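# Fold and contact review
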Amino acid sequence: MDRQTGPYQRILLKLSGEALLGAEDYGIDPGVLRRIADEIAQVLALGVQIGVVIGGGNIFRGAGLAQAGMDRVTGDHMGMLATVINSLALQDALERLGIHARVMSALQMHEICEDYIRRRAVRHLEKGRVAIFAAGTGNPFFTTDTAAALRAIEIGADLLVKATKVDGVYTADPMKDPAARRFDRLDFDRVITGKLDVMDTTAVVMCRDNGLPIRVFDLTRAGALVKLARGDDIGTLVQAVA
């Protein structure tokens, strides 16, 4: 693929399952899926390699049913399958745009996707394909945030991008508190000690310990992902402070 013109060679995009809901109450909004696929295609056109991890909360959330009495391991495995559904949907949307994409699952299901193998994933990225990492880490009790941090570190990403519905990290929920202030920069330890809603603590610690910066941005703003890939100061940057 062409050499990148921005500051990043390779990024990992973390999408929540809810990001695919759009105006729907359940499942996937085809219009939102097409827009996300189009922005990923534009990032590829910049020469930036991109991997994706998607949650499954728009279809199923294992932790919620565990609280209602379901066995947690069973619930988490069901949640992993929901992420595979979302990953296949994104793969299809990308292929409709002429973009080559591969779904790589932490759980074996050879009839519909590849197994996750790190070296193969890196090769896909080097060939200009989008690698979509499904089924979380393949283990219960770990979130897709942690899966995103793990995959980003494994593939040698320059940046972990966390897509949300707000334009960064705030002192409080900006939907509920109009006085909430947005952070432009944050240190990993401030995120952890302040219990700021960025990613789960395991994911943040993994990124801190491996020197992987996180950028939190608003996915609902058209073109934000492309601007971010070009190096624009979008959202909130979480990184180690020298």
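Residues numbered from 1 in each chain as written. Predicted model: local features only at pLDDT ≥ 70, side-chain atom pairs only at ≥ 80, totals over all residues. Heavy atoms only, no water.

## Section: the side chain of Thr236
- Secondary-structure assignment places Thr236 in strand β11 (residues 236-239).
- By relative accessible area, which is 0% here, Thr236 ends up buried.
- A distance of 2.5 Å separates the side chain of Thr236 from the backbone oxygen of Phe183, its partner in a polar contact.
- Not counting residues within four places of it along the chain, the set of residues in contact with Thr236 comprises Gly168, Val169, Arg182, Phe183, Asp184, Arg185, Leu186, Ile214, Arg215 and Val216. (Helix = DSSP H or I, 4+ residues; strand = E, 2+ residues; numbered from the N terminus. Buried < 20%, exposed > 50% of the residue type's maximum accessible area, 1.4 Å probe, protein only. Polar contact = N/O pair within 3.5 Å; in protein donor to acceptor, adjacent residues only side chain to side chain. Contact = heavy atoms within 4.5 Å.)

## Thoughts on the nonpolar core
- If you look at the biggest cluster of nonpolar residues, it comprises 46 residues, and the most contacted ones within it are Leu13, Ile40, Leu90, Val130 and Phe217.
- Put simply, the parts of the chain that give this core at least two residues each are β1 (10-15), α1 (30-45), β2 (49-54), α3 (72-96), β3 (101-105), β5 (130-134), β6 (159-164) and α8 (224-230).
- Residue contributions to this core peak at eight residues, all from α1.
- With residues up to four places along the chain from it excluded, the contact list for Leu13 reads Ile40, Ile50, Gly51, Val52, Val53, Val161, Ala163, Phe217 and Leu225.
- Of all hydrophobic cores here, the second largest spans 31 residues; its members include Ala131, Phe133, Leu186 and Phe188. (Core = buried A, V, L, I, M, F, W, Y, C linked by side-chain atoms within 4.5 Å.)

## As for the packing of helix α5 (residues 144-154) against helix α7 (residues 201-209)
- Between α5 and α7, the shortest axis-to-axis distance is 7 Å and the interhelical angle comes to 20°. Considered as vectors, α5 and α7 are oriented roughly parallel to each other. When the axes of α5 and α7 are compared, the crossing they make is left-handed. Contact with α5, carried on its side by Asp145, Thr146, Ala149, Leu150 and Ile153, involves Thr202, Ala203, Met206 and Cys207 of α7 and no other residues of that element. (Axes fitted to C-alpha atoms, helices over the stretch in contact; angles between N-to-C directions. Parallel < 35°, antiparallel > 145°, perpendicular 65-115°, else oblique. Left-handed = near helix turned anticlockwise from the far one by under 90°.)

On their own, these measurements won't tell you what the molecule is for.
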